[in-house]
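Understanding the architecture of this molecule
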Amino acid sequence: MKTVVFASRNRGKIREIRALLEGLPISLRSLDDFPDAPDVEEDGDTFWANARKKALAIARHTGCAALADDSGLTVAALGGAPGVHSARYAGENADDAKNIDKLLRVMKDIPKERRNAAFRCVLVLCEPDGSCESFEGAWDGRIAETPDGDGGFGYDPVFYVPALGKTVARLSLEEKNRLSHRARAFGRFREALERRFQNR
Ligand code: IMP
């Protein structure tokens, strides 16, 4: 059984990932099992750089394979912003409401046809020897003119998915977990592991 340490202390995320990886011959640990693990600053320019930095640091610290993710919102008309700054778009004391307010303010003169956006998630798996593999998931949509719905978190109330005719904040958790950028990235990771275990 291969041990993989998920580089996070977020219990909600760990629970979600445990469910996504169910049935694989993996023993999933988290940073709760390694209290002395270093805190890694997410100061990269890309989701990939941040996830890789976290996964490498944790693989080296624990001596086990480590998995890390980074995600956020990218808006084409804003040159990819908020991107890696999604969590703190409105500043150091930002919260979801402040980030949404800022996004809608910055985009107030941008017409509907130029409001396309994507949620992106990059997952990186690193071994203690420094070798890494990455997996990506994207979810295309459009920034609504006003928030709608109260489910989910982050930018969900303003992320409108045309194919569904609603914002992500109006989806059930099950629906979101089937369609999201995170679900897609984890789906690719799972497929890669299944292939690897089949080839043994
Ligand atoms: P992290 O990958 O957990 O660091 O997420 C970074 C930020 O991206 C979050 O704080 C949210 O603002 C945004 N974000 C990532 N995934 C989602 C999502 O599924 N819905 C809404 N916002 C998201």
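Residues numbered from 1 in each chain as written. Predicted model: local features only at pLDDT ≥ 70, side-chain atom pairs only at ≥ 80, totals over all residues. Heavy atoms only, no water.

Looking at the site of the ligand
Taken together, 14 residues lie around the ligand, and Ser71, Asp156, Lys176, His181 and Arg182 are the ones closest in. In this structure, an oxygen atom belonging to the ligand sits 2.7 Å away from a side-chain N or O atom of Ser71. Separating a nitrogen atom of the ligand from a side-chain N or O atom of His181 is a distance of 3.1 Å. For the ligand, whose unbound accessible area comes to 490 Å², protein coverage reaches 86%. Going through the elements one at a time, β3 (65-75) and α5 (181-198) are the ones with two or more residues in the shell around the ligand. Looking at the shell around the ligand, its residues break down into four nonpolar, five polar and five charged. (Near = heavy atom within 4 Å. Polar contact = N/O pair within 3.5 Å; in protein donor to acceptor, adjacent residues only side chain to side chain. Areas by Shrake-Rupley, 256 points an atom, 1.4 Å probe, with all protein chains shown as cover. Helix = DSSP H or I, 4+ residues; strand = E, 2+ residues; numbered from the N terminus. Nonpolar A, V, L, I, M, F, W, Y, C, P; charged D, E, K, R; others polar.)

With respect to the packing of aromatic side chains
Taken as a whole, this structure holds five aromatic pairs when the rule is applied. Ring geometry for Phe135 versus Phe189: centroids 5.4 Å apart, planes at 75°, classification edge-to-face. Of this pair, Phe135 sits in strand β5 (residues 132-143) while Phe189 sits in helix α5; the two residues are 54 residues apart in sequence, bridging distant segments of the chain. By way of ring pairs, the aromatic residues Phe119, Trp139 and Phe159 are connected into one cluster. (Phe/Tyr/Trp six-rings, centres within 6.5 Å; stacked < 30°, edge-to-face > 60°.)

What to know about the state of the cysteines
In total, this model carries one disulfide according to the counting rule given. Disulfide partner of Cys126: Cys132, at an S-S distance of 2.2 Å. Between Cys126 and Cys132, the disulfide has an S-S torsion of 105° and is therefore right-handed. On the accessibility criterion, Cys132 (31% relative accessible area) is partly exposed. (Disulfide = S-S within 2.5 Å. Buried < 20%, exposed > 50% of the residue type's maximum accessible area, 1.4 Å probe, protein only.)

Points about the side chain of Ser86
If you trace the backbone, Ser86 turns up in the loop between β3 and α3 (96-106). The buried category is assigned to Ser86, whose relative accessible area is 7%. A distance of 2.6 Å separates the side chain of Ser86 from the backbone oxygen of Gly83, its partner in a polar contact. The residues contacting Ser86, other than those within four sequence positions of it, are Gly72, Leu73, Asn99 and Tyr155. (Contact = heavy atoms within 4.5 Å.)

Examining the pairing of strand β1 (residues 2-6)
In terms of strand pairing, β1 meets strand β2 (residues 26-30) through five bridges, oriented parallel. By the bridge assignment for β2, Val4 is matched with Leu28. Crossover handedness for the path β1 to helix α1 (residues 11-20) to β2: right-handed. Looking at chain direction, β1 and β3 are connected through three bridges and run parallel. Each bridged residue has a counterpart across the sheet, and for Val5 the counterpart in β3 is Ala66. (Pairing = 2+ DSSP bridges. Right-handed = clockwise from strand over helix to strand, strands pointing away.)

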